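One letter stands for each residue in the lines below.
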Amino acid sequence: MAQLHAALVREQNVTFAVALMKDHVLNNPSTADQQIQAVGAALGCSLVVLMGERNRKLRGNRKDVVDFVARVDPSRLPWRKYTV
């Protein structure tokens, strides 16, 4: 089993997940897309934004959600550890 640090957010009747990933995952588009699908399946959420652990780079499957997360201070997100 693996640990995942993520936040499930509901904003304006839209639920999405923000998941922390190693920076190198976000630098590889193919790997990032695979992780977006995996996180979505694990958390039961179709909208996913990945955030780099150190560089805070964002990548997701919907631009408007990524833009929203970019405007939010990461410390304000409801982070939890999930076992997947």
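All of these numbers come straight from a predicted model, not from anything done at the bench.

What counts and how
- Residues numbered from 1 in each chain as written.
- Predicted model: local features only at pLDDT ≥ 70, side-chain atom pairs only at ≥ 80, totals over all residues.
- Heavy atoms only, no water.
- pLDDT = per-residue confidence, 0-100.
- Helix = DSSP H or I, 4+ residues; strand = E, 2+ residues; numbered from the N terminus.
- Salt bridge = Lys/Arg side-chain N within 4 Å of Asp/Glu carboxyl O.
- Buried < 20%, exposed > 50% of the residue type's maximum accessible area, 1.4 Å probe, protein only.

Asks: So what exactly am I meant to see when it comes to the confidence of the model for the protein chain here?
Replies: Any region with low pLDDT has predicted coordinates that should not be read closely. Chain-level statistics for the protein chain give a pLDDT mean of 95 and a share of 100% at 70 or above. When the elements of the protein chain are averaged for pLDDT, helix α1 (residues 23–27) gives the smallest value, 94, and strand β3 (residues 48–52) the largest, 98.

Asks: What is the right way to read the pattern of salt bridges from this model?
Replies: Where charged atoms of side chains with opposite charge meet at close range, the side chains can pair. Counting across every chain of the model gives three salt bridges. Its salt-bridge partner being Glu-53, residue Lys-22 comes within 3.3 Å of it at the nearest N-O pair. Of this pair, Lys-22 sits in the loop between β2 (14–21) and α1 while Glu-53 sits in the loop between β3 and β4 (58–60); the two residues are 31 residues apart in sequence, bridging distant segments of the chain. On the basis of relative accessibility, which here comes to 35%, the residue Glu-53 falls in the partly exposed class.

Asks: How do you make sense of unusual backbone geometry when you look at a structure like this?
Replies: In terms of backbone geometry, most residues other than glycine have negative phi values and most peptide bonds are trans. In the Ramachandran plot, Gln-12 falls in the positive-phi region, its phi being about 50° despite a non-glycine side chain. Its relative accessible area of 70% is what places Gln-12 among the exposed residues. Phi at Asn-13 is positive, roughly 60°, even though this residue is not glycine. Structurally, the position occupied by Asn-13 is in the loop between β1 (3–11) and β2.

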